[in-house]
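Here's the letter readout for the chains.
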Amino acid sequence: MAVFLRRLAPAAVLALAALTVAPSGASAVTAGPTLTVDASPAGHLGLTWSVLEQRGTSVHVGTDRLSNPYLGDTAPGTELPVLCIRVDDRPAPDGIPTSGFHSWAGGEVAATDPTAGSDLTSRDVGDGLCADTFGGDWRMAEFHDGEGWSLWATGSLPQGTRFWTAIDDQPADPWS
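Residues numbered from 1 in each chain as written. Predicted model: local features only at pLDDT ≥ 70, side-chain atom pairs only at ≥ 80, totals over all residues. Heavy atoms only, no water.

### A word on the nonpolar core
As a rule of thumb, nonpolar side chains are buried together in soluble globular proteins. Counting 19 residues, the largest nonpolar core has Trp49, Val61, Leu83, Val109, Leu151 and Leu157 as its most contacted members. Elements with a contribution of two residues or more to this core: strand S3 (48-55), strand S4 (58-62), strand S6 (83-87), strand S7 (103-111) and strand S10 (150-154). (Core = buried A, V, L, I, M, F, W, Y, C linked by side-chain atoms within 4.5 Å. Buried < 20%, exposed > 50% of the residue type's maximum accessible area, 1.4 Å probe, protein only. Helix = DSSP H or I, 4+ residues; strand = E, 2+ residues; numbered from the N terminus.)

What follows is the structure in structure tokens.
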């Protein structure tokens, strides 16, 4: 039961935060230079991540105080880079976690040019954008690539930028 409550509490907080930021039919702009939240019926909010830490050639990217993996957090009309990943099972550098939430994804990340969330009409479209930009073995990064909430990978991403990130088990993608 304790594990259930630990998992339920963050979900409840995020859901309430989403309602506070943008109640049904309302528009709001949150703090930060690039994030516009708009819950208008023009589309579905999508999940976004940001850079949490850079250690040499390893980057930690994931959820922050603005991310909502349950309902999405960014209006589909917003243009942001798509977070892409190429998993090649490379070993983790020393000091990077290899299991559990926030762990090594066994690959490399990069970001596309800014793309409107409304152009991401399916996961296949996101995967195709990554493959077209970086090569056939690249795809859109997914919430669980680092076992959940964030991931570590080789790469360098711009600080202060949000990235479209997929999530397979929640309705928090712009195409959901």
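### Some words on the sheet that holds S4
Strand order across the open sheet formed by seven strands is S9-S6-S7-S10-S4-S3-S11, with mixed pairing between neighbours. Each having just a single partner strand, strand S9 (139-140) and strand S11 (162-164) make up the two edges of the open sheet. Of the strand pairs in this sheet, S7 and S10 are connected by three bridges, and their pairing is parallel. Within S10, the residue paired with Glu108 across the bridge is Thr154. (Pairing = 2+ DSSP bridges.)

### Quick notes on the pattern of salt bridges
Where charged atoms from two side chains of opposite charge come close, those side chains can pair. Scanning all chains against the criterion turns up 10 salt bridges. A salt bridge links Arg86 to Asp88, with the nearest nitrogen and oxygen atoms 3.5 Å apart. Judged by relative accessible area, Asp88 falls into the partly exposed class, the value being 31%. With its nearest N and O atoms 3.1 Å apart, the salt bridge here joins Arg123 to Asp127. With Arg123 and Asp127 both in helix H2 (residues 123-134) and four residues apart, the pair spans about one turn of that helix. Judged by its relative accessible area of 18%, Arg123 is buried. Look at the salt bridges and you will find they share partners, linking Arg86, Asp88, Arg90, Glu108 and Asp137 into a network. (Salt bridge = Lys/Arg side-chain N within 4 Å of Asp/Glu carboxyl O.)

### Regarding the packing of aromatic side chains
Under the counting rule described, the total for this entry stands at four aromatic pairs. Ring centres of Phe134 and Trp138 lie 5.0 Å apart, and the angle between their planes is 40°; this geometry places the pair in the tilted category. Residue class for Phe134 comes out partly exposed when judged on its relative accessible area of 31%. Note on Phe143 and Trp149: the rings are 5.1 Å apart at their centroids and 70° apart in plane angle, and the pair reads as edge-to-face. On the basis of relative accessibility, which here comes to 5%, the residue Phe143 falls in the buried class. Clustering of aromatic rings is evident, with ring pairs tying together Trp49, Tyr70, Phe143 and Trp149. (Phe/Tyr/Trp six-rings, centres within 6.5 Å; stacked < 30°, edge-to-face > 60°.)

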